Amino acid sequence: TFSIIGLFSIIIGLAVFKQIRSVLTNRVHIGLSTSLLFAYIFLLIGPDLVADKGVCYFFSILIHFCFLCAFCWMLCEAINLYLRLVVVFDSYSKMFLKFSVFSLVTPLVIVLITVIIEFAGENGAYIVENEASGVRVVCWLDYQARMAAFLLPLLLILCANFVVFIMVMRVLFASKKSATATNKTHWLARLRSAVAVSTLIGLSWVLGFFAIGEASFAINVIFAACNSLQGVLICYLYCFAKNDVMTKWRSTIQSSFGKSSKDTSGLSTSNSGAPKPRFNTGAHTTKSTSVPLSSKVNTSVRVSNTEKNGKYANVYSN
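In this text, all values refer to a predicted model and were calculated from it rather than measured experimentally. (Residues numbered from 1 in each chain as written. Predicted model: local features only at pLDDT ≥ 70, side-chain atom pairs only at ≥ 80, totals over all residues. Heavy atoms only, no water.)

Participant: Got a minute to help me understand the overall build of the chain in this structure?
Facilitator: Scanning the chain for helices and strands turns up 12 helices and two strands. Among the 318 residues that make up the chain, the fraction classed as buried is 34%. Taking as baseline every contact in the chain between residues at least 6 positions apart, the subset at least 24 positions apart corresponds to 69%. Here the chain displays about 20000 Å² of accessible surface, and carbon together with sulfur accounts for 65% of that area. (Helix = DSSP H or I, 4+ residues; strand = E, 2+ residues; numbered from the N terminus. Buried < 20%, exposed > 50% of the residue type's maximum accessible area, 1.4 Å probe, protein only. Contact = heavy atoms within 4.5 Å. Areas by Shrake-Rupley, 256 points an atom, 1.4 Å probe, with all protein chains shown as cover.)

Participant: Would you explain the state of the cysteines in this entry?
Facilitator: What we call a disulfide is simply a covalent bond connecting the sulfur atoms of a pair of cysteines. The final tally for this structure, using the stated rule, is one disulfide. Residue Cys56 pairs covalently with Cys139 via a disulfide, S to S 2.0 Å. As the torsion about the S-S bond is roughly -120 degrees, the Cys56-Cys139 disulfide counts as left-handed. Taken as a pair, Cys56 in helix H4 (residues 53–87) and Cys139 in the loop between strand E2 (136–138) and helix H6 (143–177) lie far apart in primary sequence, 83 residues in all. Accessibility classification places Cys56 together with Cys139 in one group, the buried group. Take Cys66: it sits in no disulfide, and the sulfur closest to it among the cysteines is that of Cys69, at 6.2 Å. Taking the relative accessible area as the measure of exposure, Cys66 reaches 9% and is therefore buried. (Disulfide = S-S within 2.5 Å.)

Participant: What should I look at first to understand the packing of helix H1 (residues 2–15) against helix H3 (residues 24–45) in this one?
Facilitator: Working note: a packed helix pair is described by the angle between its axes plus the distance between those axes. Their axes nearest at 9 Å, the elements H1 and H3 cross at an angle of 150 degrees. Between H1 and H3, the angle is such that the two are roughly antiparallel. Remark: the crossing between H1 and H3 carries left-handed chirality. Residues Ser3, Ile4, Leu7, Phe8, Ile10, Ile11, Leu14 and Ala15 of H1 pack against Asn26, His29, Ile30, Ser33, Thr34, Leu36, Leu37, Tyr40, Ile41 and Leu44 of H3. The class makeup of the residues in the contact of H1 with H3 is 13 nonpolar, five polar and no charged. (Axes fitted to C-alpha atoms, helices over the stretch in contact; angles between N-to-C directions. Parallel < 35°, antiparallel > 145°, perpendicular 65-115°, else oblique. Left-handed = near helix turned anticlockwise from the far one by under 90°. Nonpolar A, V, L, I, M, F, W, Y, C, P; charged D, E, K, R; others polar.)

Participant: Would you mind showing me how to read the packing of H4 against helix H5 (residues 95–120) here?
Facilitator: Relative orientation of the contacting elements H4 and H5 amounts to 145 degrees, with a least axis distance of 9 Å. Read as a crossing pair, H4 and H5 show a hand that is right-handed. Grouping the amino acids of the contact of H4 with H5 by side-chain chemistry returns 21 nonpolar, six polar and one charged.

Participant: I tried to follow the packing of aromatic side chains on my own but got confused; where do I start?
Facilitator: According to the stated counting rule, one finds 13 aromatic pairs in the structure shown. Between the aromatic rings of Phe67 and Trp205, the centroid separation amounts to 5.6 Å while the plane-to-plane angle is 75 degrees, which identifies the pairing as edge-to-face. A residue pair is termed long-range when its members are at least 10 positions apart, and Phe67 in helix H4 and Trp205 in helix H7 (residues 184–210) qualify at 138 residues. As far as burial versus exposure is concerned, Phe67 and Trp205 are alike and both buried. Each member of the aromatic cluster is reached from another via a ring pair, and the members are Tyr40, Phe67, Phe71, Trp140, Phe150, Trp205 and Phe223. It is Arg27 that lies over the ring of Phe96; its NZ or CZ is 4.2 Å from the centre. (Phe/Tyr/Trp six-rings, centres within 6.5 Å; stacked < 30°, edge-to-face > 60°. Lys NZ or Arg CZ within 6 Å of the ring centre and 35° of its normal.)

Structure follows, in structure tokens:
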């Protein structure tokens, strides 16, 4: 639940403003967060829907596809980090399109192959059943399909991310030797990004390999805790801890509240009543004169000595 809230928050935080979502790195974050968000939502709903076989197949395929998309986006995060920090590649023309095609087509191919095996073979791949009774237990990949169509792609992606992580760490630690007080903060920000993308996101899934079979209770607890906090950590690192994102949201909220307060004050002033007209009293009679713009009308105003002395200065000052 916490991951779902965090992932939804980062999607809103990065996707609302065009200035923020136009950055390639933020768009990759949105793609990863969206895939994980749908994967966690379907994971909460789908696995226990074993009553109907068709519904069970449907959610099992969706969970499989969404997690594979998330793994592919993790690889895209590592590649993007490698291009920015190691290669220092500034031309990102159509790079997001390539990332999107890779993160959608690759999982689709794997899912289609698994579905073909599902209906061509005798043993089901997308439903875990009790071998003795044949009762459907959970809507998820069985052991063999899980090893080939889920854990194998994850292992390959984590290996690639680890290689990229080593390359990025070499660049960052090389820059540390020449770091000064002015760029120390920038170096720490890059280090945090590298650790967050290549290690933090993949760390919980590395623990998943040790949670297979007769794993200890402690490993399963750590694995579940890391996955439950994954969305929260991503949201904090790439939304709440980023100055440009928070500055944009802060300025927008302040301007919105400032505009609404001005509108409210203006409305209250207009509703307080019309301005009271000034009535001339008998004691002091004044003439309100205006000088016309037309030269055809001649208006002569006779000013008395009393007016010259400022007896009615209080009237004009009001």
